[in-house]
Amino acid sequence: MEMIDLPHGTVSYRAAGPEDAASPPVVFVHGFLVDGSLWTGVADRLADKGVRSYAPHWPLGSHRVPVPGADQSPRGVARQILAFLEALDLTDVTLIGNDTGGALCQYVVDTDASRVGRLVLTNCDAFDTFPPFPFNVIFHLLKGPRRLRFNLLPMRLRPFRHSVLGFGLLARKFDPAQSRAWIEPALTDAAVRADAVRFLRAVDPGDLNDVSTRLAGFRGPVRLVWGTADRAFKPALGRRLAQAFGDAEFIEIPGARTFVPLDAPQALADQIASIGDAAPSPS
């Protein structure tokens, strides 16, 4: 992992693919209580295609370096993403979001789309579905440092962690070591828990719904790559989100759940690579 100091704090990230790639750079945005490893299978397949990508650990509960004092509202995290693009001088970026990260990508293009050339969203929050049932109930139960740790303790057991009460609704299969690594920082580091709770307390479905009214202003190519077996972010939500952008493609991935990067890494990599050939948004 590489590290970079940003105005809000230090971010670790994994870069994959050739440094001199001719194709636009790809930047991944994961969701709450997972980290950049969610994208490893996709990033490695993109690297095989000659695409350079960056998978940061955003401060959403599974990060290892706390960011005390940072603005942990969704728009604040969007500004952290923009700071990452600026620090690495990444332009004409293909920005990829999943789950909560898809909502953050919407905040990014609403805040400043000047470095974003195109957008790929997999199953994610949209409009006032932020988060969807049953995760809206779960998020409510986690809105306190002690409550967060208490409710995560059963997740140390693999059967519970991979059940419908843990990550089980989100993918067909998990690597136990990876899913354990996702929960460990919030269990063991009080400062990480504080970062996560500040984010949860700032989540506002009405605010994301307001962002949706301006998504059509993003002029770059947009592609929604949606797992059709998702019981939380259903295809109807994805189709509605595609319409909000005005001219977005909607691609179905049969059998995939929320974590399309885990369930269908090759299909997602192919979609990302092909949209990378599209023209960037006008400056």
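See the structure printed just above.
So, here's what we can say about the structure. None of the values given here were measured: they were computed from a predicted structure.

Now for the sheet that holds strand E4 (residues 53–56). The eight strands are arranged E1-E2-E4-E3-E5-E6-E7-E8 in an open sheet whose pairing can be described as mixed. Where the open sheet ends on each side, the last strands, each with one partner, are strand E1 (2–6) and strand E8 (249–253). For this sheet the average axis-to-axis angle between neighbouring strands, irrespective of direction, equals 25 degrees. One ladder, built from five bridges, connects E1 with strand E2 (residues 9–16); its direction is antiparallel.

Summed over all chains, the structure comprises 14 salt bridges. Asp110 is paired through a salt bridge with Arg75; the nearest N and O atoms lie 2.9 Å apart. One end of the pair, Asp110, is in helix H3 (residues 100–111); the other, Arg75, is in helix H2 (residues 74–87), and 35 residues separate them in sequence. Exposure remark for Arg75: the relative accessible area of 18% places this residue in the buried category. Ionic pairing is found between Arg223 and Glu249, a salt bridge with its closest N-O pair at 2.8 Å. Residue Arg223 is found in strand E7 (residues 222–227), and its partner Glu249 is found in strand E8; the two are separated by 26 residues along the sequence. Given a relative accessible area of 39%, Glu249 falls into the partly exposed group. When salt bridges with common partners are traced through the structure, they connect Arg75, Asp110, Asp210 and Arg214 into a single cluster.

Burial of strand E3 (residues 26–29) is two-sided: the residues Val26 and Phe28 facing one way and the residues Val27 and Val29 facing the other way are all buried. Alignment of E3 against E4, held across two bridges, turns out to be parallel. Each residue of the ladder has a partner; that of Val27, found in E4, is Tyr54. In this view, the connection linking E3 to its parallel neighbour E4 by way of helix H1 (residues 40–48) has right-handed handedness. The sheet contact formed by E3 and strand E5 (residues 93–99) spans four bridges and is parallel. By the bridge assignment, Val29 is partnered in E5 with Gly97.

Another point: the environment of Val108. Along the chain, Val108 turns up in helix H3. In sequence terms Val108 and Leu262 are 154 residues apart; their C-alpha atoms lie 24 Å from each other. Not counting the four nearest positions on each side in its chain, Val108 is found in contact with Ala78, Ile81, Leu82, Leu95, Ala113 and Val116.

With that out of the way, let us pick up the nonpolar core. Grouped together as the largest cluster of nonpolar side chains are 91 residues, with contacts concentrated most on Phe28, Phe32, Phe84, Leu95, Leu119, Leu241 and Ile272. Residue contacts for Phe28: discarding those within four places in its chain leaves Trp39, Val42, Ala43, Leu46, Ser53, Tyr54, Ala55, Pro56, Trp58, Ile96 and Ile272.

Counted at 1.5 Å a residue, the expected span for helix H8 (residues 190–202) with its 13 residues is 18 Å, and the 18 Å between its end C-alpha atoms agrees. Residue Asp189 occupies the N-cap position of H8, its side-chain oxygen lying 2.9 Å from the main-chain nitrogen of Ala191.

Considering all chains together, one arrives at 12 aromatic pairs under this definition. Aromatic side chains Trp58 and Phe84 sit 5.6 Å apart centroid to centroid with 80 degrees between the ring planes, which places their arrangement in the edge-to-face category. Taken as a pair, Trp58 in the loop between E4 and H2 and Phe84 in helix H2 lie far apart in primary sequence, 26 residues in all. Relative accessible area serves as the criterion here: at 0%, Trp58 is assigned to the buried category. Looking at Phe84, the relative accessible area reads 0%, which means it is buried. Positioned over the ring face of Phe127 is Arg240, at 3.7 Å from the centre of the ring.

Another aspect to go through is helix H9 (residues 205–212). Note on helix geometry: an α-helix contains 3.6 residues per turn, so any two residues three or four positions apart are oriented the same way. What H9 keeps buried is the set Leu208, Val211 and Ser212. For H9, the arc enclosing every buried residue in end-on projection is 105 degrees, short of the 170-degree limit, so these residues lie on one face. Buried positions along H9 lie against H2, H3 and helix H10 (235–245). Measuring from the side-chain oxygen of the N-cap residue of H9 to the backbone nitrogen of Gly206 gives 2.9 Å; that N-cap residue is Asp204.

The rules behind each value
- Residues numbered from 1 in each chain as written.
- Predicted model: local features only at pLDDT ≥ 70, side-chain atom pairs only at ≥ 80, totals over all residues.
- Heavy atoms only, no water.
- Pairing = 2+ DSSP bridges.
- Helix = DSSP H or I, 4+ residues; strand = E, 2+ residues; numbered from the N terminus.
- Axes fitted to C-alpha atoms, helices over the stretch in contact; angles between N-to-C directions.
- Salt bridge = Lys/Arg side-chain N within 4 Å of Asp/Glu carboxyl O.
- Buried < 20%, exposed > 50% of the residue type's maximum accessible area, 1.4 Å probe, protein only.
- Right-handed = clockwise from strand over helix to strand, strands pointing away.
- Contact = heavy atoms within 4.5 Å.
- Core = buried A, V, L, I, M, F, W, Y, C linked by side-chain atoms within 4.5 Å.
- Expected span 1.5 Å × (residues − 1).
- Polar contact = N/O pair within 3.5 Å; in protein donor to acceptor, adjacent residues only side chain to side chain.
- Phe/Tyr/Trp six-rings, centres within 6.5 Å; stacked < 30°, edge-to-face > 60°.
- Lys NZ or Arg CZ within 6 Å of the ring centre and 35° of its normal.
- Arc of directions from axis to C-beta.

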